[in-house]
Amino acid sequence: MSFPSLSHDHTDCIAAALDTAERECQRRGARLTALRRQVLALVWDSHRPIGAYALLDRLGQSGRAAAPPTVYRALDFLLDQGLIHRVPSRNGYIGCTRPDQPHSGRILLCLGCGQASELDSPALDQAIATASAAQGFLPRHHTLEVEGLCPACRDAKPSQHEIRPNEPSE
């Protein structure tokens, strides 16, 4: 997945994510309840990480009262099914673009607009596996977050995004 434009309409993203989630849950024998479906739709409502309490607020605004444990259970289900990724640095969640394929979370985070995008890199997977094996370590899961600027933010005002001395250069 690449970064969408800032004027991107999420309707298609949400519809595709919900269709995929329905198919994957049905294939796995998991139950995508109305609440889980609604939480997933809210996660996909933008391409920015969203936290559990923001989801709780959004559910309340839509007329559905839910307690924090209910939202956390829905998020746990969505994580277990690989339908979302947790973004630890933002204490939030983003939709997974490839829930039908096993993969680890590699997330690009824009410091300008706050959007996130999954990074698909078999070479990076191989490098992590090789480096881990060299230390006798067998990784089960990893999340990698990379902060920077998406194309729209990078191109918007390049002078505001000069590299500081302690930051890597291109």
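Our subject is the structure that appears above.
Now for a description of the structure that goes with this document. This is a predicted model, so every value here is computed, not measured.

**Here's the deal with the overall build of the protein chain**
Counting its regular elements, the protein chain contains six helices and five strands. Starting at the N terminus, the α and β elements of the protein chain follow one another as α-α-α-α-β-β-β-β-α-β-α. Out of the 170 residues in the protein chain, the part that is buried amounts to 36%. Accessible surface, the protein chain: about 10,100 Å² in total, of which carbon and sulfur atoms supply 51%.

**Some points on the sheet that holds strand E5 (residues 143-148)**
Here three strands make up an open sheet; going across it, the order is E4-E3-E5 and the pairing mixed. Only two strands of the sheet have a single neighbouring strand rather than two, namely strand E4 (116-118) and E5. Adjacent strand axes in the sheet meet at a mean angle of 25 degrees when their direction is disregarded. Where strand E3 (residues 105-110) and E4 come together, three bridges link them in antiparallel fashion. Paired with Ile107 across the bridge in E4 is Glu118.

**Some remarks on the environment of Ala66**
Within the element layout of this structure, Ala66 appears in the loop between helix H3 (52-61) and helix H4 (68-80). We classify Ala66 as partly exposed; its relative accessible area is 23%. Here the alpha-carbon distance between Ala66 and Leu56, two residues 10 residues apart in the chain, equals 6.7 Å. With sequence-adjacent residues up to four places away left out, Ala66 is seen in contact with Leu56, Leu59 and Val71.

**What to know about unusual backbone geometry**
Phi angles above zero are rare outside glycine, and Asn91 is one such case at about 50 degrees. Looking at the element boundaries, Asn91 is found in the loop between strand E1 (84-87) and strand E2 (92-95).

**So, the nonpolar core**
If you look at the biggest cluster of nonpolar residues, it comprises 27 residues, and the most contacted ones within it are Val39, Leu40, Leu55, Val71, Leu75, Leu78 and Ile84. Contributing elements (two or more residues each) for this core: helix H1 (11-28), helix H2 (34-43), H3 and H4. Excluding its chain neighbours within four sequence positions, the residues that come into contact with Leu78 are Leu32, Arg36, Val39, Leu40, Leu83 and Ile84.

How each quantity is defined
- Residues numbered from 1 in each chain as written.
- Predicted model: local features only at pLDDT ≥ 70, side-chain atom pairs only at ≥ 80, totals over all residues.
- Heavy atoms only, no water.
- Helix = DSSP H or I, 4+ residues; strand = E, 2+ residues; numbered from the N terminus.
- Buried < 20%, exposed > 50% of the residue type's maximum accessible area, 1.4 Å probe, protein only.
- Areas by Shrake-Rupley, 256 points an atom, 1.4 Å probe, with all protein chains shown as cover.
- Pairing = 2+ DSSP bridges.
- Axes fitted to C-alpha atoms, helices over the stretch in contact; angles between N-to-C directions.
- Contact = heavy atoms within 4.5 Å.
- Core = buried A, V, L, I, M, F, W, Y, C linked by side-chain atoms within 4.5 Å.

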